[in-house]
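In case you want the letters, here they are:
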Amino acid sequence: MQTDNEPTLSSIEDYDTLKGSKKRVVWSVILSGLLIGVIFLAVKTYYANVNDSLPMNDTIGKVPSK
């Protein structure tokens, strides 16, 4: 059962090809997603080698148990 308020593939005007501002919107979304991904990758590689851990010299000889 199909309702009249839902779009179908045949009722969408530019289903096969995008034209005009819709094409620019799609490309801007794709490019902005790629740009954000590149920024995250650059930040991850820049801060990947963080050496701020504290050295632990103590060892546990025997764990007491009841």
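The coordinates are above.
Residues numbered from 1 in each chain as written. Predicted model: local features only at pLDDT ≥ 70, side-chain atom pairs only at ≥ 80, totals over all residues. Heavy atoms only, no water.

Draft legend 1. Expanded view of the overall build of the chain. When helices and strands are tallied, the chain shows 1 helix and 0 strands. Each of the 66 residues in the chain was classed as buried or not, and the buried ones make up 2%. Summed over its atoms, the accessible surface of the chain is roughly 7,200 Å², and 61% of this surface lies on carbon and sulfur atoms. (Helix = DSSP H or I, 4+ residues; strand = E, 2+ residues; numbered from the N terminus. Buried < 20%, exposed > 50% of the residue type's maximum accessible area, 1.4 Å probe, protein only. Areas by Shrake-Rupley, 256 points an atom, 1.4 Å probe, with all protein chains shown as cover.)

Draft legend 2. Representation of the packing of aromatic side chains in the model. For the structure shown, the criterion picks out 1 aromatic pair. Here the aromatic rings of Y46 and Y47 are separated by 4.8 Å at their centres, their planes lie at 85°, and the arrangement is edge-to-face. Accessibility classification places Y46 together with Y47 in one group, the exposed group. (Phe/Tyr/Trp six-rings, centres within 6.5 Å; stacked < 30°, edge-to-face > 60°.)

Draft legend 3. Main features of a nonpolar patch on the surface. Together, L18, V26, W27, I30, L31 and L34 make up an exposed nonpolar region whose accessible area comes to about 560 Å². In this fold, L31 is placed in helix α1 (residues 21–46). For L31, a relative accessible area of 52% puts it in the exposed group. (Patch = residues over 30% accessible without salt bridge, like charges linked within 9 Å, V, L, I, M, F, W, Y side chains within 5 Å. Salt bridge = Lys/Arg side-chain N within 4 Å of Asp/Glu carboxyl O.)

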